[in-house]
Amino acid sequence: MDGMKPAMENNAEENQDESQESKGCFECCIKCLGGVPYASLVATILCFSGVALFCGCGHVALTGTLTMLENHFSRVPSDHATLTNVVQILQYIIYGIAPFFFVYGIILLAEGFYTTSAVKDLQNEFKTSVCGRCITGMFVFLTYILGLAWLGIFGFSAVPVFLFYNMWTTCNAMKSEVVNITSPENICVDVRQYGVIPWSATPGKACGSTLNDICNTSDFYLSYHLYIVACAGAGATVIALLLYMMATTYNYAVFKFKGFRHNSTSKF
């Protein structure tokens, strides 16, 4: 009996050690989950999705629009040379927007992680410096400027949606049995009035059956829906930048006013 007591004590100690070890892993997981900057994480996912939709769909839609204009509204290359240059410039801008916001989103997400309680607990300190506060303030200002810029992009991306919608409703009106149209050949869409191509462009407009054929082409159908998706992507990016701005502003307040308090944390 006396020989069994040390063995039982050893087993009890091992079970207690295993229980503490499992409890320690559980607490570590809870701390890690508690230190995730959820607002920055959601904003990053939304920003990546919005920018990807805007850049991808916008690029293809611009190409389809140019092809449709060349085939049906402006058959002389010199008439739409300016439009071609503008489309190429916009596509080059799209090439720059995609990698910039990919890097910028990762930087803001990294900043959110490094201002959470998980990092503070790992390093056993929470110190701030003038340089750190200046960097966070710079992100607040830059995110605000980018948010205003994307708000303008969102409004600009709604313009082609409006133009294509007018053309689509005109085509549907000719097909509708409710609307009594005696002479459908007199119903026209003149893209010159929108300033897309000059007034000297020929033919510049499409009427009746020609307009109906244009609405049934894949270029029109695809470009119209891609513009809608691109506009939605721009709106999603605006919301993401708004979340980023809230997160960076909160982090800046934590750095500036609570940075020297050990119990101050950031969940953004």
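To be clear, the structure that these remarks concern was listed above.
On a predicted model such as this, the values are computed, not experimentally measured, just so you know. (Residues numbered from 1 in each chain as written. Predicted model: local features only at pLDDT ≥ 70, side-chain atom pairs only at ≥ 80, totals over all residues. Heavy atoms only, no water.)

## Quick notes on the state of the cysteines
Per the stated rule, a full pass over the model turns up two disulfides. There is a disulfide in this structure between Cys171 and Cys215, and the S-S distance comes to 1.7 Å. Looking along the S-S bond of the Cys171-Cys215 disulfide, the torsion reads about 50 degrees, which is the right-handed sense. Taken together, the residues span a long stretch of sequence, with Cys171 in helix 5 (residues 130-175) and Cys215 in helix 6 (residues 208-215) at a distance of 44 residues. Residue Cys215 is classed as buried on the basis of its relative accessible area, which comes to 9%. A sulfur-sulfur separation of 1.8 Å characterises the disulfide bridge that pairs Cys188 with Cys207. Measuring the twist about the S-S bond at about 105 degrees, one finds the Cys188-Cys207 disulfide to be right-handed. With a gap of 19 residues between them, Cys188 in strand 1 (residues 188-190) and Cys207 in strand 2 (residues 205-207) connect regions that are remote in the sequence. (Disulfide = S-S within 2.5 Å. Helix = DSSP H or I, 4+ residues; strand = E, 2+ residues; numbered from the N terminus. Buried < 20%, exposed > 50% of the residue type's maximum accessible area, 1.4 Å probe, protein only.)

## Remarks on the nonpolar core
Membership of the largest hydrophobic core comes to 46 residues, with the highest contact counts inside it found for Phe73, Phe101, Trp150, Met167 and Leu211. Of all the secondary-structure elements, those providing two or more residues to this core are helix 2 (38-72), helix 3 (81-113), helix 5, helix 6 and helix 7 (218-257). (Core = buried A, V, L, I, M, F, W, Y, C linked by side-chain atoms within 4.5 Å.)

## Comments concerning the packing of aromatic side chains
If you walk through the whole model with that rule in mind, you get 14 aromatic pairs. For the ring pair Tyr92 and Tyr95, a centre distance of 5.9 Å and an interplane angle of 70 degrees mean the geometry is edge-to-face. Of the two residues, Tyr92 and Tyr95 both sit in helix 3, three residues apart, roughly one turn of that helix. Aromatic side chains Tyr165 and Trp168 sit 6.0 Å apart centroid to centroid with 40 degrees between the ring planes, which places their arrangement in the tilted category. One end of the pair is Tyr165 and the other is Trp168, both in helix 5 and three residues apart, which spans about a single turn. (Phe/Tyr/Trp six-rings, centres within 6.5 Å; stacked < 30°, edge-to-face > 60°.)

## Side note on the environment of Cys207
Among the residues examined, Cys207 registers a relative accessible area of 17% and is labelled buried. Counting along the chain gives 36 residues from Cys207 to Cys171, while the straight-line C-alpha distance between them is 9.8 Å. Dropping the residues within four chain positions of it, Cys207 is found in contact with Glu185, Ile187 and Cys188. (Contact = heavy atoms within 4.5 Å.)

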